[in-house]
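Chain residues, written in single-letter form:
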Amino acid sequence: MDILSKFAIMLGAIGGLVLLVAMLLFLAGRMRGRSESRNVGWLFIAPAVLGLLVAVIYPALKTITQSFQTSSTGSFVGVANYITVFTDPDQLVVLANTAAWVILSPLVASVIGLLYATFVDRSRFEALAKTFVFLPMAISFVGASIIWKFVYDYRPNIAGVGQTGLLNQIVVWFGGTPQEWLLYPPLNTIFLIVIMIWIQAGFAMTVLSAAIKGIPADIVEAARMDGASGFRLFMDVTFPSIRPTFIVVVTTIALWTLKVFDIVRTVTGGQFDTNVLANDFYTQVFQIGNTNVGATLAVLLFILVMPIVIYNVRQLRKAEAQ
Amino acid sequence: MKKQFLLAAGIVAVAGLLLTGCSTTGGGSAASTTAPGCAPYAKYGTFKNKKVTMYSGIVAPLATSYINSFKKFESCTGITVQFQGDTNFDSQIKVRIAGGNAPDLAVFAQPGQIKSLVGSKNVVQAPKGVAANVNKFWSSSWKDYVEINGKIYGSPVDANVKSLVWYQPSRFKTAGYKIPTTLAQLKTLSDTIVASGAKPWCEGISAGSATGWPITDWMSQMMLIQSGPATYDKWVNNQIPFTATAPKKALAEAGDFLKNSKYMNGGLGDVSSIAATTWTDAGVPVLSGKCAMYKQGSFQAGIFPKGTTVSPTGDVYAFYFPGVNTKTKPVLGGGDFLVAFSKRPEVQAFQTFMSSDTWANAMVAASPDGGWVTANTGMDNSKLTNPIDKLSAQILQDPKSVFRYSAADQMPPAVQAVFWAQSTKWILGQSTSDTLSTIQKSWATQ
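What counts and how
- Residues numbered from 1 in each chain as written.
- Chains lettered and ligands numbered in written order.
- Predicted model: local features only at pLDDT ≥ 70, side-chain atom pairs only at ≥ 80, totals over all residues.
- Helix = DSSP H or I, 4+ residues; strand = E, 2+ residues; numbered from the N terminus.
- Rg over C-alpha atoms; globule rule 2.2 N^0.38 Å.
- Buried ≥ 20, exposed ≤ 12 C-beta atoms within 10 Å, placed from the backbone.
- Contact = placed C-beta atoms within 7 Å.
- Core = buried A, V, L, I, M, F, W, Y, C linked by C-beta atoms within 7 Å.
- Domains from an automatic or database assignment.
- Pairing = 2+ DSSP bridges.
- Axes fitted to C-alpha atoms, helices over the stretch in contact; angles between N-to-C directions.
- Parallel < 35°, antiparallel > 145°, perpendicular 65-115°, else oblique.
- Nonpolar A, V, L, I, M, F, W, Y, C, P; charged D, E, K, R; others polar.
- Expected span 1.5 Å × (residues − 1).
- pLDDT = per-residue confidence, 0-100.

We now examine the overall build of chain A. Check the secondary structure of chain A and you find 13 helices and zero strands. Relative to its length of 322 residues, chain A is extended, with a C-alpha radius of gyration of 26 Å against a globular reference of 20 Å. Along the longest, intermediate and shortest principal axes, the C-alpha atoms of chain A span 80 × 65 × 50 Å. In chain A, which comprises 322 residues, the proportion classed as buried is 30%. Sequence separation of at least 24 residues holds for 66% of the intrachain contacts in chain A that already meet a minimum separation of 6.

This part is about the nonpolar core. In terms of nonpolar packing, the biggest core is built from 176 residues, with A:Ala204, A:Leu208, B:Trp166 and B:Val339 touching the most fellow members. When residues in this core are grouped by element, the largest group, 14 residues, is from helix α8 (residues 187-213) of chain A. When neighbours within four sequence positions are excluded, A:Leu208 is seen to be in contact with A:Gly113, A:Leu114, A:Ala117, A:Ile242, A:Thr245, A:Phe246 and A:Val249.

To continue, consider the domain arrangement of chain A. Many descriptions give the size of an interface as the accessible area lost when the pieces come together. Under the domain assignment used here, chain A contains domain 1 (3-66) and domain 2 (82-321). Here domain 1 of chain A and domain 2 of chain A have C-alpha centroids that lie 39 Å from each other.

Right, let's talk about the sheet that holds strand β3 (residues 105-108) of chain B for a bit. All names here are of chain B. Taken in spatial order, the five strands line up as β2-β1-β3-β12-β6 in an open sheet, and their pairing is mixed. In this open sheet, the two edge strands, each paired with only one partner strand, are β2 (79-85) and β6 (154-156). The mean angle between the axes of side-by-side strands here comes to 20 degrees, regardless of whether they run parallel or antiparallel. Taken together, the three bridges between β6 and strand β12 (residues 337-340) define a ladder with antiparallel strand orientation. Opposite Pro156, over in β12, you have Phe337 as the bridge partner. Against the sheet, helix α4 (residues 111-119) contacts β3, β6 and β12, and its axis sits at roughly 15 degrees relative to β12.

Most of the time, phi is negative for any residue but glycine, and the peptide bond is trans. Residues A:Pro185 and A:Pro186 are joined by a peptide bond in cis, for which omega reads -10 degrees. With respect to the helices and strands, the residue A:Pro186 is situated in the loop between α7 (166-173) and α8. Of note, the amide linkage connecting B:Met264 to B:Asn265 takes the cis form, showing an omega dihedral of 10 degrees. Within the secondary structure layout, B:Asn265 lies in the loop between α10 (245-258) and α11 (273-276). In the Ramachandran plot, A:Phe272 falls in the positive-phi region, its phi being about 60 degrees despite a non-glycine side chain. In this structure, A:Phe272 sits in the loop between α11 (262-267) and α12 (277-287). Assessed through the 22 C-beta atoms surrounding it within 10 Å, A:Phe272 is described here as buried. Phi angles above zero are rare outside glycine, and B:Asn149 is one such case at about 55 degrees. Position of B:Asn149 relative to the elements: it lies in the loop between β4 (147-148) and β5 (151-152). Judged by the 8 C-beta atoms lying within 10 Å of it, B:Asn149 falls in the exposed class.

Our focus in this paragraph is the pairing of β12(B). Residues and elements named next belong to chain B. Residues Phe337 and Val339 point to one face of β12 and Leu338 and Ala340 to the other, with burial holding for every one of them. As defined by bridge partners, β3 adjoins β12 across four bridges and the pair is classed as antiparallel. Directly across from Val107, in β12, lies its bridge partner Leu338.

Right, let's talk about the sheet that holds strand β13 (residues 401-405) of chain B for a bit. Residues and elements named next belong to chain B. If you walk across this open sheet you meet the three strands as β7-β11-β13, and the pairing is mixed. The open sheet has two edge strands, β7 (160-161) and β13, and neither has a second partner. In the sheet, β7 pairs with strand β11 (residues 329-334) via two bridges, with the strands oriented antiparallel. Bridge pairing links Val161 to Gly333 in β11.

Residues and elements named next belong to chain A. It is at 9 Å that the axes of helix α3 (residues 80-87) and helix α13 (residues 291-321) come closest, and there the two elements cross at 75 degrees. Comparing the axis directions of α3 and α13 gives the class roughly perpendicular. The residues of α13 that touch α3, namely those facing Asn81, Tyr82, Thr84 and Val85, are Asn292, Val293, Thr296, Leu297 and Leu300. Its residues placed into classes, the contact of α3 with α13 shows five nonpolar, four polar and no charged.

For the rest of this paragraph, the subject is helix α2 (residues 36-66) of chain A. Taking 1.5 Å of rise per residue, the 31 residues of α2(A) would be expected to cover 45 Å, and the 42 Å separating its terminal C-alpha atoms lies within 8% of that figure. Here α2(A) lies mainly on the outside; one of its 31 residues are buried.

Residue and element names in this part refer to chain B. Confidence along chain B averages 88 in pLDDT terms, with 93% of residues attaining 70 or more. Of the regions scoring below 50 in pLDDT, residues 23-30 engages in 17 contacts with residues more than four places distant in sequence or in other chains. Among the prediction metrics, the complex's ipTM stands at 0.75, with pTM recorded as 0.82.

Right, dumping it as structure tokens:
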């Protein structure tokens, strides 16, 4: 397409948007009556609601319908797809892996973030120390995955062949034999989870550090005067005060972990029993062409995410109220 | 003020829409069949300002050669060819077809996909000119991949030979190894190399979500040379199951090479390192002498590091993977296929052109460094520059050779995915019988 028609389309789109807003304003000005303000409110959110209906609600309903159908004929098969997902041995591995991811990465990342935030709080190198831990968040998931893929790389320990993976090089320096870290379950899933923790610890640290700094100084002073220090201070004063924030951090990271796709896809491609729900969904729909099993996995993911989101919002309100 | 605002917005919107309608894309110069060199293109007709879109997974640098090979056709017929290359072709083409936004033409790397597209009534039957060309220029084995239910739906594009073993000519010369001409000789050669204290073979199967595909090629190779093309076809079409005697024998034979800790994995580790090594890295130990032989397709020539000389006297070369005897010449290979989604006259003209010898030779001329061959018998072999291309063309056009597409690429995508995944588990220790029965189960969902 040549440059003139590109500009033309841009002008058309801007003009269309301006027309839409102008029409809304015009209609809003015409509103009268008892429920005027409410009607105006509905009017203004109408475009956004329409967009949500078309782009989110309709596809969600379609996906849920597809999960009850079969691909070859499009006819309804009830819960057959769900039974497949819960009984096929490969699918069970996917579910088990996803569970491991969701339990381990939020907890470990948050605990590391919390401990780090507590230790560097008000120390001399606080800003520098925090930057180091936060830096991985600036890299894309794929970039981080490639970095760690090289860390876990394996080369045989024969003459003339040096190690390219950092982990195996350290093992060799200590006199061990290099291992193929990514090949053997369940340890390979743990190694992938480490990548996620590496990325997310910075987020946990930042949020929790802000929460720690938000603890009123007089509470801490009063506790110190009572003789509390170090571990006691942390367990009895610091942690209870930031508990709502901590829970929000854990649940947020859990939400992100449920979506993890790039890490698994880049490092192992889902092979060697490392597959997780989001990656499996993509493979089923786009590579195997089995849209219905993919739809089932998407619905499953949605059901898993809902309680965490609800809990997260509740905790956020509680933290704000404090 | 509000009225003026509305008026202004209205004018802007209308102006934009008018401009969109008025501007037509340029390109597509006036056709001229009387221009020099346009004689071979006269039969495709002349068009004015017509466009066709061709969508494929071919990206630079190969894409440049394709685009250049179309230039004469474009100037002679007046059709502009929009070449769209996308590394995400495999997933995107399904989305485009489902969304009603299919391209005019698409290049598929797997014949199994064409079968499923025909089944779901998405592709259109090829015009008569294409059918005539396919009958004229390709052997019956190639025709079988584009003929479904007696109708021809497309034409083959390129070809690669997978029955090749890469080796280092200087090492073979120094050690006095002879190129094996039967499978038994290949095994003897491997044992000789083991006796000399080295590992004869290297292999790598890691390929993201396609991890395991080279093992499926090993099994296809063994199946073809041990049981012959007829049984091979039955196996591919699920007329005999994976658990039958012939496929079992084939995978076991592949295991004699792949799962043999004395043979594998030269320069890369033990047998399990096959699963972790990417297939593009697996051939490198041949260059450093850490591995003597590497089974891979002719496209490996472009995968070796830049500057590697590929010739009978160069850094690396390949020999034909032998059959069980010298009487038959089974050839495992691959290639792309062109199909169309539209019956517009300019699309049909271009489709006919791409199935002709004119295009095959134009493409060879547009690939000065080589690395491209086709099984189109109208291709002038003397114009090939790369020794591997010459070897591939020689093998493909040998009247004794029986060509078969690799099995996994012919099977439905769901079966192919399980075939790949189970092959990976197999190399990591799973038994041959468990592997075969799990793959066979995936046919049940088709």
